[in-house]
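Examination of the molecular architecture
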Amino acid sequence: MASFICGALVACGKESVFLVDVRVKGTARISKVEVLVDTDTGISIATCLLVNRCLIDVFEESEDVKSLVGDDYELTVSSPGIGEPIMNVRQYIRHTGHLLRLQYTDQDNVMHEAVGRLLTAEVLGVAAPFIVLEPIIERKGKKGVHSEPVRLELSCIKRAVVEVEF
């Protein structure tokens, strides 16, 4: 389903829009298809509506999609919500400058957790995609202390979530 939707985005002229996730839920009577999309600079409600209309047209013409979701389905296109984990490497580009909470493994395969500012995301067109994170050491009752930036290969990152800042 994901490759089909990616192809549909290109066919609709929405090459700048990338797929984050597809979730199919529902009953035997009606399926609910949730498509999460984004762009490198953020996505507007208007763009989500255009993608929704395009996908409905493409879904209606495809027997493969109908075999997966049935004739009665509900399609929702939206951006990933706050607190959703990063699912697509391009989301790192979009969130450069933002605060991330990461779970990652080191070279000894020991799990660590870190909070820090995403400084750089080299994730497209490189053999070993990586990010550079400026960790913030949290201290009770005080403002966090920034430490030296660290380079983390994406293959070591198990979970990344954008933190809300006030």
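It should be noted that the structure appears before, not after, this text.
Everything numeric here is computed off the predicted structure, so don't read it as measured data.

Reading guide: rules and limits
- Here the residue numbers are simple positions, counted from 1 along each chain's written sequence.
- Given that the model is predicted, a residue must reach a pLDDT of at least 70 before its local features are reported, and side-chain atom pairs must reach 80 or more before they are shown or counted; all residues, however, enter totals for whole chains, interfaces and linings.
- With hydrogens and water set aside, each side-chain value is computed from the structure's full complement of heavy atoms.
- Like charges within 9 Å and nonpolar side chains (Val, Leu, Ile, Met, Phe, Trp, Tyr) within 5 Å are joined into patches, using only residues over 30% in relative accessible area that form no salt bridge.
- Surface accessibility in these figures is a Shrake-Rupley result with a 1.4 Å probe; residues are shielded only by whichever protein chains are displayed.
- Salt bridges are defined as contacts in which a side-chain nitrogen from Lys or Arg sits within 4 Å of a carboxyl oxygen from Asp or Glu.
- A residue counts as positive if it is Lys or Arg and as negative if it is Asp or Glu; His and the chain ends are not included.
- Where a charge lies is defined by one atom per residue type: Lys uses NZ, Arg uses CZ, Asp uses CG and Glu uses CD.
- In this description a helix means any DSSP run of H or I spanning at least four residues, a strand means any run of E spanning at least two, and both kinds are numbered starting from the N terminus.
- Structural elements are reduced to axes, namely lines fitted to C-alpha atoms, with helices fitted over the stretch in contact, and the angle between N-to-C directions of any two is expressed from 0 to 180 degrees.
- Here is the rule for handedness: rotate from the far helix to the near one, and if that takes an anticlockwise turn smaller than a right angle the crossing is left-handed, while a clockwise turn gives right-handed.
- In this description, contact between two residues means that some pair of their heavy atoms is separated by no more than 4.5 Å.
- As a working rule, the residues Ala, Val, Leu, Ile, Met, Phe, Trp, Tyr, Cys and Pro are called nonpolar, Asp, Glu, Lys and Arg charged, and the rest polar, with Gly in that last group.
- Buried Ala, Val, Leu, Ile, Met, Phe, Trp, Tyr and Cys residues form a nonpolar core when they are joined through side-chain atoms within 4.5 Å.
- A 1.4 Å probe rolled over the protein chains alone gives each residue an accessible area, and that area as a share of the maximum for its type sets the label: buried under 20%, exposed over 50%, partly exposed in between.
- Between the first and last residue of a helix there are one fewer steps than residues, each counted as 1.5 Å, and that sum is the expected span.

Together, Asp57, Glu60, Glu61, Glu63, Asp64, Asp71 and Asp72 give the surface a local cluster of negative charge. Among the elements of the structure, helix 2 (45-61) and helix 3 (63-69) are those that each provide at least two residues to the negative patch. At three residues, the largest contribution of residues to the negative patch is made by helix 2. Along the chain, Glu61 turns up in helix 2.

We now examine the packing of helix 1 (residues 2-11) against helix 2. Look at helix 1 against helix 2: their axes get within 10 Å of each other, and the N-to-C directions meet at 115°. Considering only the axes of helix 1 and helix 2, their crossing is right-handed. Of helix 2, the residues touching helix 1 (which contributes Phe4, Ile5, Ala8 and Leu9) are Val51, Cys54, Leu55, Val58 and Phe59. Its residues placed into classes, the contact of helix 1 with helix 2 shows nine nonpolar, no polar and no charged.

The biggest cluster of nonpolar side chains holds 19 residues, and the ones touching the most others in it are Ile5, Val35, Val37, Leu55, Phe59, Leu75 and Val77. Every element with two or more residues in this core is listed here: helix 1, strand 1 (18-26), strand 2 (31-38), helix 2, helix 3 and strand 3 (73-78). Element by element, the count of residues in this core is highest for helix 2, at four residues. Apart from residues no more than four positions distant in its own chain, Leu55 is found in contact with Ile5, Ala8, Val35, Leu75 and Val77. In terms of nonpolar packing, the next biggest core, distinct from the first, is built from 15 residues, Tyr92, Tyr104, Ile131 and Leu152 among them.

A side chain with one charge can pair with a side chain of the opposite charge if their charged atoms come near. Tallying each qualifying case throughout the model produces eight salt bridges. Arg94 serves as the salt-bridge partner of Asp38, at 3.0 Å between the closest nitrogen and oxygen. Separated by 56 residues along the polypeptide, Asp38 in strand 2 and Arg94 in helix 4 (residues 90-94) bring together distant segments of the chain. Several salt bridges converge on common partners, so that one network encompasses Asp21, Arg23, Glu34 and Glu84.

Moving on to helix 2. Taking 1.5 Å per residue as the helical rise, helix 2 with its 17 residues ought to reach 24 Å, and the 25 Å between its terminal C-alpha atoms agrees with that figure. Among all positions of helix 2, only Cys48, Val51, Asn52, Cys54, Leu55 and Phe59 are buried.

Everything listed here is a matter of coordinates, which is why it stays silent on function.
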